[in-house]
Amino acid sequence: MINKRLLKLIEGKKRYLVYIILLNIFLFVLSISISALICYSLSLFSIDKNNETVIFNIIIAIFLAIIIRFILSNILNSIIQKFGSKILISLRSNFFKKLLKIKEFQNNEAIQLALEGIEQLNLYFTIYIPQFFYALISPILLFILFLFIDYVVALIFLISIPLIPLSIVLVSKYAKKIFNIYWDKYLKMGGSFLDTLKGLKELKLFKVEDIKGKELDKNNEEFRRVTMKVLVMQLFSTTIMDLVAYGGSAIGISVGIIHYSQGYLINSPFLLLFIILVGAEFFLPLRSLGSAFHMAMNGETAGIKLLDIIEKNEMNNGNNLINKISSISFNNVDFKYEDDEEILLNNINLRLETNNIYGICGLSGSGKSSFTKLILKEEEPFKGEIIFNNNLNLNDINNESYFDKLSYISYDSYLFNRSIFDNFKLYKDDVTKEEIYNALKRVRLSYLIDNNGYDYIIKEDSSNLSGGEKQRLVLAIHLLKKKDLYIFDEATSNIDKESEEIIKNIIYSLKNESIIIFISHTLDNIFDADKIIFIDENKVNFDTFNGLIAKNSRYKELYKESITRLKEINEF
């Protein structure tokens, strides 16, 4: 009924569960006490109408109990909200921190789990688990109390109670299966929808929007069907629990009425009234647990998927701090992806040093991105080692220390839907407006501040900026801090010529006391780099431009094709 594996997600916060359970039980005792006091006052009034003082004191006690119950209910709600808030903040924070440490993850799945999944998991912890313990304890307390009134009625209630959890258990196996399918369909549908939105222009351009529309319709229909199964299962389970709860309550009350009419066990109409008023309380906690169960299954399924991501292997994180990156050496490095047999990069031997620009080029799929992933610790060498500063293995370097020394700018770098000032502040917390203006001036974007001010909001997907403006703004943000290693991954792709030249000039101006890696799909962009890494047919060729032209016929051929294509574009 409770997944112990999920409890590790709330380490350090379990005390809130104890507070919620104890308050629920105390509120339950107060409710029973109020009912008992009402019945007792009526009993006294029927026996002797002159017991005004005692009755008045009982009425005051009832009002005090009601006030205390009201105050405690507010305290309980406050604790639940605080507990839920801490869970949401903690889970989302730890989840996003984990995403930064794992080698790979599904963007769309991560987004949906971070939003809807964690919300469902929050309900699992704040509602279902406290209700589970409350539903176990409260019927036992009532059973003990009812033994002193009518042990037969108490036994009837006690025997009926297990039928509710039994119905829950019977449904649970089917429910887990359904909710697993539900979440798989939900994530698939959401991912497909997000992909379609991102590629809407391309779908229109290639005139395949109808095909994609049919695919979406199919996913939607599958999700609709599994959603209906979930609703039918919930309705069926709720109906069974209602029959047990209200049927058992009716049987117990009926037996109580018979006993009173026969003068057997129950000798007071006010004891019978108490049974009638309180009898349903035997079943209502478990009935509420049954309702929360469906919510719990949804949260448990989301929580398991969340844990599967959280427990993924992280990038190696060493203990050694690195103060400055002065050199990177690849020593006999082979690389292949885990599930592949073929070596993608074979026997890499090269050395990168400060004050140099290294251009990386090769045909699409040649291994440029894989080479970069090795440096970014997203992948590990299949064989060989990557050594920093002549003595530090990359795997032994502390990640936080390492990534603080490098800057990575790609063709799809992201700007947040916030103000210009806030986007800079995310990168450097103590940034000044003067620093921002100087950085923007360097990339020739100071007019954004001149025309719009520092509070100018960057729209989602940077839709109010051109491709060139977006890339230059990203570059300006990265210029706030001097880094030892800069990696530009196709940073000049798909932008206007002016922006490309501005970015290239800045890239070439950064090499003082830094290592610059400039990855480009066009060979003419990097011909004046200090050295070029040309990746072709699993081999990594490392030389100057002139050296490659003289020694590597394949590079020479591709360079000529690149120059010819560039001339044709310029003439056009």
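Look a little higher up for the structure.
None of the values given here were measured: they were computed from a predicted structure. (Residues numbered from 1 in each chain as written. Predicted model: local features only at pLDDT ≥ 70, side-chain atom pairs only at ≥ 80, totals over all residues. Heavy atoms only, no water.)

Here we come to the overall build of the protein. Along the protein, the regular secondary structure elements total 18 helices and 10 strands. Looking at the 572 residues of the protein, the share that counts as buried comes to 48%. The long-range share in the protein, meaning contacts at least 24 apart out of those at least 6 apart in sequence, stands at 77%. Accessible surface, the protein: about 30000 Å² in total, of which carbon and sulfur atoms supply 56%. (Helix = DSSP H or I, 4+ residues; strand = E, 2+ residues; numbered from the N terminus. Buried < 20%, exposed > 50% of the residue type's maximum accessible area, 1.4 Å probe, protein only. Contact = heavy atoms within 4.5 Å. Areas by Shrake-Rupley, 256 points an atom, 1.4 Å probe, with all protein chains shown as cover.)

For helix α8 (residues 269–278), the full list of buried residues reads F270, L272, F274, I275 and V278. The opening residue of α8 is S268, an N-cap whose side-chain oxygen sits 3.1 Å from the backbone nitrogen of F270. (Polar contact = N/O pair within 3.5 Å; in protein donor to acceptor, adjacent residues only side chain to side chain.)

Next up on the list: a nonpolar patch on the surface. Among the surface-exposed residues, I140, I144, L147, F148, Y151, L155, L158, I159, Y264 and L265 lie close enough to one another that they form a single nonpolar patch of about 970 Å² accessible area. Where the nonpolar patch is concerned, the elements lending two or more residues are α3 (107–147) and α4 (151–160). In terms of residue count, the dominant contributor to the nonpolar patch is α4 (four residues). Within the secondary structure, L147 sits in helix α3. (Patch = residues over 30% accessible without salt bridge, like charges linked within 9 Å, V, L, I, M, F, W, Y side chains within 5 Å. Salt bridge = Lys/Arg side-chain N within 4 Å of Asp/Glu carboxyl O.)

So, about the pairing of strand β9 (residues 531–536). Within β9, five of the six residues are buried, leaving the element largely enclosed by the surrounding structure. Where strand β3 (residues 356–361) and β9 come together, four bridges link them in parallel fashion. Note that in β9 the partner of Y358 across the bridge is K531. As defined by bridge partners, β9 adjoins strand β10 (residues 539–543) across five bridges and the pair is classed as antiparallel. Bridged to I533 within β10 is F542. (Pairing = 2+ DSSP bridges.)

Time to look at the pattern of salt bridges. Evaluation of the coordinates by the stated rule reveals 13 salt bridges. Note that E119 is salt-bridged to R92, the shortest N-O span being 3.5 Å. Note that E119 is positioned in helix α3 and R92 in helix α2 (residues 52–99), a separation of 27 residues in sequence. Residue classification places E119 among the partly exposed positions, given a relative accessible area of 34%. Note that K405 is salt-bridged to D404, the shortest N-O span being 3.8 Å. K405 sits in the buried class, given a relative accessible area of 15%. Among the charged side chains, a network of salt bridges with common partners joins E221, R224 and R225.

Let's shift gears to the side chain of K336. Within the element layout of this structure, K336 appears in the loop between β1 (327–335) and β2 (345–353). When near neighbours in sequence (up to four residues on either side) are disregarded, K336 contacts E341, E342, I343, L344 and F382.

A few words now on the pairing of β1. Of all nine residues in β1, seven are buried; the element is thus mostly enclosed. Two elements, β1 and β2, share six bridges in a ladder whose sense is antiparallel. Residue F335 lies in a different strand from β2, and its bridge partner there is L345. Two elements, β1 and strand β4 (residues 383–388), share five bridges in a ladder whose sense is antiparallel. In the sheet register, D334 faces β4, and the bridge partner there is K383.

At a closest axis distance of 11 Å, the pairing of helix α12 (residues 420–427) and helix α13 (residues 433–442) adopts a crossing angle of 100°. Compared by their axis directions, α12 and α13 come out roughly perpendicular. Where α12 abuts α13, its residues I420, F421 and F424 lie against K433, I436, A439 and L440. (Axes fitted to C-alpha atoms, helices over the stretch in contact; angles between N-to-C directions. Parallel < 35°, antiparallel > 145°, perpendicular 65-115°, else oblique.)

All right, on to a negative patch on the surface then. A cluster of acidic residues, E338, D339, D340, E341 and E342, forms a negative patch at the surface. As for its position among the elements, D340 is in the loop between β1 and β2. Here D340 falls in the partly exposed class, since its relative accessible area comes to 38%. (Lys, Arg positive; Asp, Glu negative; His and termini not counted. Charge placed at Lys NZ, Arg CZ, Asp CG, Glu CD.)

This part covers unusual backbone geometry. Phi at K377 is positive, roughly 65°, even though this residue is not glycine. Along the chain, K377 falls in the loop between α10 (368–375) and β4. By relative accessible area, which is 4% here, K377 ends up buried. For N538, which is not glycine, the phi dihedral falls at a positive 70°.

The subject of this paragraph is the packing of aromatic side chains. Evaluated as defined, the whole model comprises 21 aromatic pairs. Consider the rings of Y16 and F83, whose centres lie 5.6 Å apart with planes at 15°: the pair is stacked. Note that Y16 is positioned in helix α1 (residues 14–47) and F83 in helix α2, a separation of 67 residues in sequence. Taken individually, Y16 and F83 each receive the classification buried, so the pair is uniform in this respect. For the pair F132 and F133, a centre-to-centre distance of 5.4 Å together with 85° between the ring planes defines the contact as edge-to-face. (Phe/Tyr/Trp six-rings, centres within 6.5 Å; stacked < 30°, edge-to-face > 60°.)

A few words on the nonpolar core. Among the nonpolar cores identified, the biggest contains 75 residues, and F83, L121, Y124, F125, Y128, F146 and F282 are the most heavily contacted of them. Ranked by size, the runner-up nonpolar core spans 46 residues in total, among them I357, F424, L465 and F518. (Core = buried A, V, L, I, M, F, W, Y, C linked by side-chain atoms within 4.5 Å.)

With that settled, the discussion passes to the packing of α1 against α8. Between α1 and α8, whose axes approach to 9 Å, the crossing angle comes to 155°. Comparing their axes, α8 and α1 come out roughly antiparallel. By crossing handedness, the relation of α1 to α8 is classed as right-handed. Packed against α1, whose contacting residues are I32, S35, A36, C39, L42, S43 and S46, the element α8 presents F270, L273, F274, L277 and V278 at the interface. (Left-handed = near helix turned anticlockwise from the far one by under 90°.)

Residue position: D543 is located in strand β10. D543 gets classed as buried once you look at its relative accessible area, which sits at 18%. Reaching out from D543, the side chain makes a polar contact with the side chain of K551 at a distance of 3.5 Å. Not counting chain neighbours up to four residues away, the residues in contact with D543 comprise K531, I532, L548 and K551.

Our next topic: the environment of N423. Examined against the element boundaries, N423 turns out to sit in helix α12. As a C-alpha pair, N423 and I477 span 54 residues in sequence and 7.8 Å in three-dimensional space. Residues in contact with N423, not counting those within four places in the same chain, are L415, F416, R418, I458 and I477.

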